[in-house]
Amino acid sequence: MTIDYNELKKGGFLRQRQKDTFIVRFRSIAGNLTSDQLRKLADLADTYGKGYVHVTTRQGAEIPWVKINDYDNMKKEITNYGLTTGTCGPRIRTVVACPGLEVCQNGLTNSRACAEELDKAFFGRPVPMKTKIGICGCPNSCSKPQENDIGLVGVIDPVLIEDKCIGCGLCERVCPGKAIEMVDGKPVLNRKRCLFEGNCISSCPVDAWEETRRGYLLYVGGKIGRLPVLGKVAAEFLQEDEVIEAVERTISAFERLGQQGERIADTVARVGLDAFKEEINILDIESKSADTGTEQESEVG
Amino acid sequence: MAEFEVAATLDITPDVCPITFVKTKLKLEQLKEGEILEVLLNDGEPIQNVPRSVKGEGHKIVLVEKLDGKYRLLIQRG
Ligand code: SF4
Ligand code: SF4
């Protein structure tokens, strides 16, 4: 039989070191697998593998030691079980996500739900080079979005209501970016240093810090591998309904600007962040959010 | 500022996260609504996390005082 390795890779079947043996990669959505899915993975590992599952760094699960002759049967079972396989090669990979505000005390945005939307919109799409997306619900960055080609970090924007402040100085101490300084008994915020984490908002005993908006920072051009680079901020305070559009534009900017063999990081390094941002036309998305403030609907997304 | 009547005192300067908050939470639960707990805690991680966790649980911080290298919080049970 002739084996189309590319077709197999697309469907999450990776060639293993041993002859005619495969690793089957499954994906999770935002790092969650239901108990039912886990039981089925266990069954598959017993039937086709060696009774164990390898947990990947990108929230996937892999069953190694699958024989090529079992491909058809296993494929059928996977489909019947409603499991989703991963992908590899030049495609949009599994979206890695932290749980976000649904369960995390620090969460500012619903990264879990947003990851689901991103997965629906982009997973498996062919692109010039492998492209990874990561998202998290606050600047703590547990799921490390900055090391992805495209990263999203949940943020909140604080503003001081001076009349309420009792000058206790707590916000100066709790600010992780050391962006707040007490001047004449009142806090002064240096916005250049603000990490948009909102610790001032959540700590102030008299609620003198209030939220003006929340959303996502968009990072582009992160990667790990041999020559790691952290992504750079390409847009601030994208609203939830703008995220898909912004990622779509980032991918198409990469498709236009990227040269053979480049990841987004390489393209950004070659053309410069500003040129890349211009190509995404991020200003267009940003100005919409600036005009409309937090609550209003935006046309994009 | 009016002085507060302190119902109990807790020193969490020897502790690290998450024990700092756990002890504070347990102590607060022993108090009656409206009573004040005095907490001594370190600069750095404890001061970054304890106040917001306390606030998140519905208690009120009524005083923050900086002492030498540490802090004194007065928390009113919510
Ligand atoms: S990144 Fe923030 S929201 Fe996400 S798990 Fe970490 S602390 Fe929680
Ligand atoms: S924590 Fe609140 S009350 Fe205290 S100085 Fe900051 S803004 Fe003022």
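Up top is the structure these notes are about.
Predicted model, so just to flag it, every value in this text is computed and none were measured. One numbering rule holds for all chains: residues counted from 1, following each sequence as written. For this description, chains carry letters from A and ligands carry numbers from 1, given in the order in which they are written. With pLDDT at 70 or above as the cut-off, local features in this predicted model cover only qualifying residues; side-chain atom pairs require 80 or more to be listed or tallied, and sums for whole chains, interfaces and linings still use all residues. As a rule here, side-chain values cover all heavy atoms of the structure and leave hydrogens and water aside.

**Q** Go over the site of ligand 2 with me, naming the residues and quoting the values.
**A** Around ligand 2 sit 15 residues, and of these C165, C168, G169, C171 and C204 of chain A come closest. As a working rule, the residues Ala, Val, Leu, Ile, Met, Phe, Trp, Tyr, Cys and Pro are called nonpolar, Asp, Glu, Lys and Arg charged, and the rest polar, with Gly in that last group. For the shell around ligand 2, the class distribution of residues is 13 nonpolar, two polar and no charged. The criterion for a residue being near a molecule or strand is simple. One of its heavy atoms has to lie within 4 Å of it.

**Q** I'd like to hear about the environment of L10 of chain B, residue by residue, with values.
**A** All names here are of chain B. Helix and strand assignments follow DSSP, with helices taken as H or I runs no shorter than four residues and strands as E runs no shorter than two, numbered in order from the N terminus. You can see L10 is positioned in strand 1 (residues 6–11). Only protein chains enter the accessibility calculation, which uses a 1.4 Å probe; a residue whose area is less than 20% of its type maximum is buried, one above 50% is exposed, and one in between is partly exposed. Assessed through its relative accessible area of 12%, L10 is described here as buried. C-alpha separation for the pair L10 and K27, spaced 17 residues apart in sequence, amounts to 7.8 Å. Once you skip the residues sitting within four places of it in the chain, L10 turns out to touch K23, T24, K27, L37, E38, V39 and L40. Residues are treated as being in contact if the distance between any of their heavy atoms lies within 4.5 Å.

**Q** Would you mind going over the interface of chain A and chain B in detail, with residue names and values included?
**A** Contact with chain A, which involves 16 residues of that partner, is made by twelve residues of chain B. Together, the buried faces of chain A and chain B total about 1,200 Å²; carbon and sulfur atoms form 47% of this surface. Note on definitions: salt bridges are taken to be side-chain nitrogens of Lys or Arg within 4 Å of carboxyl oxygens of Asp or Glu. On inspection of chain A and its partner chain B, the count reaches two salt bridges. As a salt-bridge pair, D43 of chain B and R173 of chain A come within 2.6 Å of each other at their nearest N and O atoms. Under this definition, polar contacts are N or O atom pairs within 3.5 Å; protein pairs additionally need one hydrogen-donor-capable and one acceptor-capable atom, and for neighbouring residues in sequence, both atoms have to be side-chain atoms. In this structure, the connection of chain A to chain B is made through six residue pairs in polar contact (both at pLDDT 80 or more). For the side of chain A that touches chain B, the element with the highest residue contribution is helix 6 (residues 199–203) of chain A, accounting for four residues. Here the side of chain A that touches chain B is composed, by residue class, of eight nonpolar, five polar and three charged. Buried area is calculated as the accessible area (1.4 Å probe) missing from two parts once they are joined, with the contributions of both summed.

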